[in-house]
Amino acid sequence: MKSITINIKNDKLLDKVTWLLEHFKNDGLEIVSKEDMDDLKSLKATRSEDSIPFDEYKKNEN
């Protein structure tokens with residue numbers, strides 16, 4: 001998969017570019033914001049960390 005980043009400062013231009021790109025979704029284009037991608041990468045990095053059940057967390061919250 002190839003990725004590109006487009007930085008757009010103008011909201012009207014963002015709407016136009018998004019509108020144009022939406023037409024390629026049926027061809028396999030995926031539109032993801034840079035912020036969402038950064039969040040997903042952060043979440044993926046935590047997958048191997050140990051976790052505890054929520055009930056256990058609640059017992060020790062103080």
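Now for a quick tour of the structure. (Residues numbered from 1 in each chain as written. Predicted model: local features only at pLDDT ≥ 70, side-chain atom pairs only at ≥ 80, totals over all residues. Heavy atoms only, no water.)

1. Looking at the overall build of the protein
- Across its full length, the protein carries three helices and zero strands.
- In terms of overall dimensions, the protein is more spread out than a globule: its C-alpha atoms have a radius of gyration of 19 Å, far above the 11 Å expected for 62 residues.
- Considering only C-alpha atoms, the protein reaches an extent of 50 × 25 × 20 Å along its principal axes.
- Going through the 62 residues of the protein one by one, you find that 0% of them count as buried.
- Of the accessible surface of the protein, which amounts to about 6700 Å², a share of 52% is contributed by carbon and sulfur atoms.
- Charged side chains in the protein number 11 positive and 14 negative. The centres of these two groups are separated by 6 Å. (Helix = DSSP H or I, 4+ residues; strand = E, 2+ residues; numbered from the N terminus. Rg over C-alpha atoms; globule rule 2.2 N^0.38 Å. Buried < 20%, exposed > 50% of the residue type's maximum accessible area, 1.4 Å probe, protein only. Areas by Shrake-Rupley, 256 points an atom, 1.4 Å probe, with all protein chains shown as cover. Lys, Arg positive; Asp, Glu negative; His and termini not counted. Charge placed at Lys NZ, Arg CZ, Asp CG, Glu CD.)

2. Comments concerning a nonpolar patch on the surface
- A cluster of nonpolar side chains, namely Trp19, Leu20, Phe24, Leu29 and Ile31, defines an oily patch on the protein surface of about 490 Å² accessible area.
- Positionally, Phe24 belongs in the loop between helix H1 (11-22) and helix H2 (34-45).
- Phe24 sits in the partly exposed class, given a relative accessible area of 40%. (Patch = residues over 30% accessible without salt bridge, like charges linked within 9 Å, V, L, I, M, F, W, Y side chains within 5 Å. Salt bridge = Lys/Arg side-chain N within 4 Å of Asp/Glu carboxyl O.)

3. Considerations on the environment of Met1
- For Met1, the location among the structural elements is in the segment before H1.
- With a relative accessible area of 89%, Met1 lands in the exposed category.
- Along the chain, Met1 and Thr46 lie 45 residues apart, while their C-alpha atoms are 23 Å from each other.

By themselves, these figures tell us nothing about what the structure is for.
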